[in-house]
Amino acid sequence: MKVTIVGAGLAGSEAAWQLARQGIPVRLMEMRPATMTPAHKTGDFAELVCSNSLRGAALENAVGLLKEEMRRIGSLIIEMADLHSVPAGGALAVDRHAFAEAITERLTQHPLIEIEQKEVQQIPEERPLIIASGPLTSPALSQSIQGLTGEDYFYFYDAAAPIVASESVDMSVAFWASRYDKGDADYLNCPMNEEEYDRFYQALIEAEVHPLKEFEKEIYFEGCMPVEVMAKRGRETLLFGPLKPVGLTDPRTGRRPFAVVQLRKENRQGTMYNLVGFQTHLKWPDQKRVFSLIPGLEQAEFVRYGVMHRNTFINSPTLLHPTYQLRKDPNIFFAGQITGVEGYVESAASGLAAGLNAARLVKGKEPVVFPPDTAMGALPAYITTAEAKHFQPMNVNYGLFPPLEERIKGKRPRQQAHAQRALRRLDDFLSTL
Ligand code: FAD
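Criteria and thresholds
Residues numbered from 1 in each chain as written. Predicted model: local features only at pLDDT ≥ 70, side-chain atom pairs only at ≥ 80, totals over all residues. Heavy atoms only, no water. Helix = DSSP H or I, 4+ residues; strand = E, 2+ residues; numbered from the N terminus. Rg over C-alpha atoms; globule rule 2.2 N^0.38 Å. Buried < 20%, exposed > 50% of the residue type's maximum accessible area, 1.4 Å probe, protein only. Contact = heavy atoms within 4.5 Å. Areas by Shrake-Rupley, 256 points an atom, 1.4 Å probe, with all protein chains shown as cover. 1 Å grid on protein atoms, 1.4 Å probe; cavity = no way out; pocket = protein on both sides within 12 Å on 5 of 7 lines; lining within 4 Å. Points joined across faces, edges and corners; volume = space filled by probe spheres on them. Core = buried A, V, L, I, M, F, W, Y, C linked by side-chain atoms within 4.5 Å. Pairing = 2+ DSSP bridges. Axes fitted to C-alpha atoms, helices over the stretch in contact; angles between N-to-C directions. UniProt positions renumbered as here; feature names shortened; annotations may be inferred. Phe/Tyr/Trp six-rings, centres within 6.5 Å; stacked < 30°, edge-to-face > 60°. Salt bridge = Lys/Arg side-chain N within 4 Å of Asp/Glu carboxyl O.

Q: Please give an account of the overall build of the protein that cites residues and values.
A: When helices and strands are tallied, the protein shows twelve helices and 17 strands. Taking 433 residues into account, the globule formula puts the C-alpha radius of gyration at 22 Å, and the protein, at 22 Å, falls close to it. C-alpha extents for the protein along the principal axes are approximately 70 × 50 × 45 Å. Buried residues in the protein amount to 58% of all 433 residues. Considering only intrachain contacts with a sequence separation of at least 6, the fraction spanning at least 24 residues in the protein is 69%. Accessible surface, the protein as shown: approximately 18,300 Å² in total, 51% of it carbon and sulfur.

Written out as structure tokens, the structure reads:
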């Protein structure tokens, strides 16, 4: 039985390799170079569209752990990245041309991989199928996928607010409450007095923003306004928007604060909170500087910064199993950025898992879910259980992992303990396969 894959990017290339190395024939469909995306420049598979860095290499960084796990499983993307790495301090950066060319060559020369270079306009009929057409899926295919998922569960851009580690919030300042005490106290409130608000407001309107790419300009017309753009409309605007203090009383003063930033739990375990209404296009160092002016967040650890991109992704909490199979048709897998994972390595990791599971399906075996305390497992666990209504793409970070069994002081030792636990679990898990 042959597996069809749409898209030979980071995810599709990795999935194709995982299938072929297990002796399963693959039809890999890629539209470039005949039809290009607005960001790709070549016809090579696994082209890195922007930075040439696969981010941190050390295990204290969750993306470093993810790479090590993929290395242990036999990832093509990581093998080629290691082979074509260039010096980059603590990061794994690559010679992008040599990297993509080597992957293209490996896949095109594999006797079990048949390459079809054309735009896929309709979801193919063949099964099993892996859809890995990426953040810039062509418009015709996007429409076809929307037909499968339903319009409400398919998005054309992301607008993610920053996320902080819950243990880094100063709880002597922040307080739990819902406006007018309605319902449960679902929000963690960071109160500001007028002076604190003015300092924050000034820093916000003066902060530096990322320049918008030409193909991203439509985002702001889609009804999603960055917090800094809203702020520039006037000093009062935020006070009637995301920072409105009505219905809240600061237990420290017994009075209504001048302004309030609300945080909401980002995952079930409550290890991460997002800043409600703070979708932003600010540069990352400016996000750290400006948002750390919010009372209670002075020492906050930002596990993800806010981003706004042109992006194609589906509502995975509603649609996918953690095996990357579509709930309503387990013969269809999604992989890569389109599932709501964010980043080169995360996209390749999901392609790896989807490829392994498609291979198991062909062999009549049950698809597997990676343990949630590994990076390979934490990502799908998050994208398939996050709150569906507010779902936004996510990169790998230690906030996604279940808490450690023992309490460890200090961020670095804690991250090292996470990494050691993950690698032990992964080795045990792989030995059972
Ligand atoms: P891709 O690598 O984009 O692969 C999808 C493939 O599907 C492409 O080759 C595309 O040509 C093909 N395709 C699309 N539609 C069709 C169709 N209808 N028929 C056939 N083929 C089709 N992540 C980082 O970690 N670092 C960065 O610096 C970074 N920069 C980014 C910059 C931009 C502009 C964008 C859009 C994203 C960026 N990302 C970055 C996010 C993301 O990690 C990458 O886009 C990554 O390549 C996603 O992997 P993927 O396999 O899901 O998609």
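That shown, we press on.
Q: Tell me what's going on with the layout of surface pockets, and back it up with residues and numbers.
A: The space that makes up the second largest pocket amounts to roughly 520 Å³. Lining the second largest pocket are 27 residues; nearest its centre among them are Ala 159, Lys 389, His 390, Phe 391 and Gln 392. Counting residues per element, the ones that place at least two in the lining of the second largest pocket are β8 (154–160), β12 (259–265) and β13 (272–275). Take the lining of the second largest pocket: its biggest share by element is five residues, from β8.

Q: Please give an account of the nonpolar core that cites residues and values.
A: Considering soluble globular proteins, one finds that nonpolar side chains tend to be buried as a cluster. Counting residues in hydrophobic clusters, the biggest one holds 93 residues, and the most contacted among them are Phe 99, Ile 130 and Phe 334. The element contributing the most residues to this core is helix α10 (residues 344–362), with ten residues. If sequence neighbours within four positions are ignored, Phe 334 has contacts with Ile 131, Ile 145, Leu 148, Ile 314, Leu 320, Tyr 324, Leu 326, Thr 339 and Ala 354. In this structure, Leu 239, Phe 291, Leu 297 and Ala 300 belong to the second largest nonpolar core, which totals 33 residues.

Q: Account for the sheet that holds strand β11 (residues 187–192), naming residues and giving values.
A: The six strands lie next to each other as β10-β11-β12-β13-β9-β14, forming an open sheet whose pairing is antiparallel. Strands at the two margins of the open sheet, each flanked by one partner only, are β10 (175–177) and β14 (302–304). Averaged over all pairs of adjacent strands, the angle between their axes in this sheet comes to 40°, without regard to strand direction. Two elements, strand β9 (residues 163–165) and β14, share two bridges in a ladder whose sense is antiparallel. Residue pairing across strands places Ile 163 opposite Arg 304, the latter belonging to β14. Packing of helix α6 (residues 194–206) onto the sheet brings it into contact with β11 and β12, and relative to β11 it is tilted by some 95°.

Q: Quick rundown of the UniProt feature "binding site: FAD" (unreviewed entry) in the protein? Include the residues and the values.
A: Feature annotation in UniProt assigns "binding site: FAD" (unreviewed entry) to the following positions: Gly 7, Ala 8, Gly 9, Leu 10, Ala 11 and Gly 12. Within the fold, Gly 7 resides in the loop between β1 (3–6) and α1 (10–20). For Gly 7, a relative accessible area of 8% corresponds to the buried category. In this structure Gly 7 touches Gly 12, Ser 13, Leu 28, Met 29, Glu 30, Ala 132 and Ser 133, once residues within four positions along its chain are discounted.

Q: Give a detailed account of the packing of aromatic side chains, specifying residues and quantitative values.
A: Tallying each qualifying case throughout the model produces twelve aromatic pairs. Centroid distance Tyr 197 to Tyr 201: 5.9 Å. Interplanar angle 20°. Geometry classified as stacked. Of the two residues, Tyr 197 and Tyr 201 both sit in helix α6, four residues apart, roughly one turn of that helix. Residues Tyr 197 and Tyr 201 agree in their burial class; the two are buried. Look at Trp 284 and Tyr 305: their rings are 5.4 Å apart centre to centre, the planes differ by 25°, and that puts the pair in the stacked class. Remark: Tyr 305 occurs in the loop between β14 and β15 (307–314) and Trp 284 occurs in helix α8 (residues 284–291); sequence separation between them is 21 residues. Of the residues examined, Trp 284 reaches a relative accessible area of 44% and is grouped as partly exposed. We classify Tyr 305 as buried; its relative accessible area is 16%. Each residue in the set Tyr 155, Phe 313 and Phe 391 is aromatic and connected to the rest through ring pairs, giving one cluster.

Q: Can you explain the sheet that holds strand β3 (residues 53–56)? Please cite residues and give values.
A: Reading across from one edge, β3-β5-β4 is the order of the three strands in this open sheet, with antiparallel pairing throughout. What marks the edges here is a single partner per strand, and that holds for β3 and β4 (85–86). Across two bridges, β4 lies against strand β5 (residues 91–94) in antiparallel orientation. Its bridge partner being in β5, Ser 85 is matched across the sheet by Val 94. Contacts from helix α2 (residues 62–73) reach β3 and β5, with the element oriented near 115° to β3.

Q: Give me the lowdown on unusual backbone geometry, citing residues and values where you can.
A: Cis rather than trans, the peptide bond between Arg 32 and Pro 33 has omega equal to 0°. Position of Pro 33 relative to the elements: it lies in the loop between β2 (26–29) and β3. For the bond from Arg 127 to Pro 128, the omega torsion is -5°, close enough to zero to count as cis. Turning to its location among the elements, Pro 128 is positioned in the loop between β6 (113–116) and β7 (129–131). One non-glycine residue with positive phi stands out, namely Tyr 180, at about 55°.

Q: Residue-level account of the pattern of salt bridges, with values.
A: Scanning the entire structure with this criterion turns up 26 salt bridges. We note a salt bridge from Lys 2 to Glu 114, for which the minimum N-O separation is 2.4 Å. Residue Lys 2 is found in the segment before β1, and its partner Glu 114 is found in strand β6; the two are separated by 112 residues along the sequence. Taking relative accessible area as the criterion, Lys 2 reaches 37% and is therefore assigned partly exposed. Taking relative accessible area as the criterion, Glu 114 reaches 32% and is therefore assigned partly exposed.

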